[in-house]
Amino acid sequence: MPTSGIVFGVRTLHTEMTMRYASFPKIPGLEVSVLGFGAMRLPTVGGDVTRIDYEIATPLLHEAISAGINYVDTAWPYHGGESEMFLGRALHGGWREKVKLATKSPVWAVRSEGDWERIVDAQLKKLDTERIDFYLMHALSGPRWDAVKRLRGMEALERARLDGRIDHVGFSFHGSCDDFKRIVDAYDWEFCQIQLNYLDEAFQAGLEGLRYAAARGIGVIAMEPLRGGALARVPPPVEAIFKHSGKPWSPAEWALRWVWAQPGVVTVLSGMNLQAQLRENLMAASTPAALDMAPLREAEGFYRARAKVNCTTCGYCQPCPSGVSIPETFAAYATATMFDSKAVAAWMYETFVLKNEAGADRCVSCGECEARCPQLIPIAEKLREAHAYLTSR
Ligand code: SF4
Ligand code: SF4
């Protein structure tokens, strides 16, 4: 396991597989499985995300725990608020004691200082537990972090920690790398959670953010290792790249192994909703192997060639004096064509850009950013194109 600076242990918890474990540098003595169970894409009934299929999801979770997964992640809004309730019920009967349970504060829903602890108490009820082991400020960005400070959110979490309602405090992040560093430096975080996969090395916090956090002893949880499943359901040319690699790994396994190979990553969250996915991920988590980067770079090249804008999300064009999130806008735009998924791209743009008041419609074509772009992208023109595309129905 190539995550330097992190202590690993090994326990055999399943007849065929041996889960691997890692520690957070600031939480000595606690080992979590290198594969975490993300409860954001559970099996549902009739395609309705708010109707979790307990008959399938409960044994899936129990099998994951029996195989050694001991980190379970949810959040207030997952499955329309039902994910926390599901875990509250599914972890009855001795399962709760076998896992570290993580959930997140819906920062966007907090209107006054008293809301923080009211929400913690509501989550404890939904989760049917007396303590939340890992508690995160959810989906921070620069503006959201400013709101947390204005509404004294960290003071509220300190109170909840002091009386034992929550244990370890961290944050999840969707914003610029500069804002990520600002947030890392602003509080004594024990851990954080960032989006990381072989296509998003330079997106949001990216590898630069990972290294920044790791250098400060903050253990990193990686989310979206399969980019919402897109790196598992790959088109035939990408399938062929991995088939010819000489390894018996699926595209999903390649993607997971890339994340595990990044120093500083403690655990990787996967939103598994099928038994076959779970077993494949468990097998990958229990069999370390050297990683050949060539097939991954080839697959990345395939996707990048399909993007409508040649942006590497390097961030050199930032900051924009008008506040436009240029890399995030182009990442959403590229997603539409790389994965034939306009709906996902429009959601990314709405969630990570427009809601942060950083949309491309703020651009005044001053040209400052274009002089700094190594890809020589006509940024102002492409931003207009991206905004029109991503906001059209
Ligand atoms: S051209 Fe637009 S995006 Fe670029 S710096 Fe000026 S206002 Fe910002
Ligand atoms: S400098 Fe160019 S390539 Fe880099 S993030 Fe900005 S637009 Fe993209």
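Just so it is clear, the structure is predicted and the values come from calculations on it, not from any experiment. (Residues numbered from 1 in each chain as written. Chains lettered and ligands numbered in written order. Predicted model: local features only at pLDDT ≥ 70, side-chain atom pairs only at ≥ 80, totals over all residues. Heavy atoms only, no water.)

Caption draft 1: The layout of surface pockets, seen in detail. Quantified by volume, the second largest pocket comes out at close to 660 Å³. Around the second largest pocket, the lining comprises 34 residues; the ones closest to its centre are S176, C177, D178, Q318 and E328. Of all the secondary-structure elements, those providing two or more residues to the lining of the second largest pocket are α4 (142–150), α6 (177–186), α7 (206–215) and α12 (326–338). Of the residues assigned to the lining of the second largest pocket, the class counts are 14 nonpolar, 13 polar and seven charged. Here the lining of the second largest pocket spans two domains, and each of domain 1 (8–294) and domain 2 (307–391) adds at least three residues to it. (1 Å grid on protein atoms, 1.4 Å probe; cavity = no way out; pocket = protein on both sides within 12 Å on 5 of 7 lines; lining within 4 Å. Points joined across faces, edges and corners; volume = space filled by probe spheres on them. Helix = DSSP H or I, 4+ residues; strand = E, 2+ residues; numbered from the N terminus. Nonpolar A, V, L, I, M, F, W, Y, C, P; charged D, E, K, R; others polar. Domains from an automatic or database assignment.)

Caption draft 2: Broad picture of the site of ligand 1. Surveying the vicinity of ligand 1 reveals the residues C320, P321, S322, I326, C363, V364, S365, C366, G367, C369 and L383. In the shell around ligand 1, the residues fall into eight nonpolar, three polar and no charged. (Near = heavy atom within 4 Å.)

Caption draft 3: Inspection of the pattern of salt bridges at higher detail. Enumeration over the complete set of coordinates arrives at 29 salt bridges. The salt bridge involving E117 is made with R159; its shortest N-O contact spans 2.8 Å. A residue pair is termed long-range when its members are at least 10 positions apart, and E117 in helix α3 (residues 115–127) and R159 in helix α5 (residues 153–162) qualify at 42 residues. Residue classification places E117 among the buried residues on the basis of a relative accessible area of 18%. Classification of R159 as partly exposed rests on a relative accessible area of 40%. For the salt bridge of R304 with E300, the shortest nitrogen-to-oxygen distance reads 3.2 Å. (Salt bridge = Lys/Arg side-chain N within 4 Å of Asp/Glu carboxyl O. Buried < 20%, exposed > 50% of the residue type's maximum accessible area, 1.4 Å probe, protein only.)

Caption draft 4: View of the site of ligand 2. C311, C314, G315, C317 and C373 are the nearest of the 13 residues found near ligand 2. Considered class by class, the residues forming the shell around ligand 2 number nine nonpolar, four polar and no charged.

Caption draft 5: How the structure looks around the nonpolar core. Residues F37, F171 and Y198 are the most contacted members of the largest nonpolar core, which totals 106 residues. Apart from residues no more than four positions distant in its own chain, F171 is found in contact with L136, M137, L140, F180, I183, V184, W189, F191, C192 and Q193. If you look at the next biggest cluster of nonpolar residues, it comprises 26 residues, including A331, F352, A358 and L390. (Core = buried A, V, L, I, M, F, W, Y, C linked by side-chain atoms within 4.5 Å. Contact = heavy atoms within 4.5 Å.)

Caption draft 6: Local environment of the domain arrangement of the protein chain. Structurally, the protein chain comprises domain 1 (8–294) and domain 2 (307–391). Computed from C-alpha atoms alone, the centre-to-centre distance between domain 1 and domain 2 is 27 Å. Contacts between the two partners involve 12 residues from domain 1, matched on the other side by 11 residues from domain 2. Carbon and sulfur atoms supply 61% of the area buried between domain 1 and domain 2, which totals about 1000 Å² over both sides. Considering only the side of domain 1, the residues that lose the most area to domain 2 are A202, F203 and R227, jointly responsible for 44% of the buried surface there. Seen at the junction of domain 1 and domain 2, the total is zero salt bridges. Taken together, domain 1 and domain 2 are joined by three residue pairs in polar contact (both at pLDDT 80 or more). Per-class residue counts for the side of domain 1 that touches domain 2 are six nonpolar, five polar and one charged. (Buried area = accessible area lost by both parts, 1.4 Å probe. Polar contact = N/O pair within 3.5 Å; in protein donor to acceptor, adjacent residues only side chain to side chain.)

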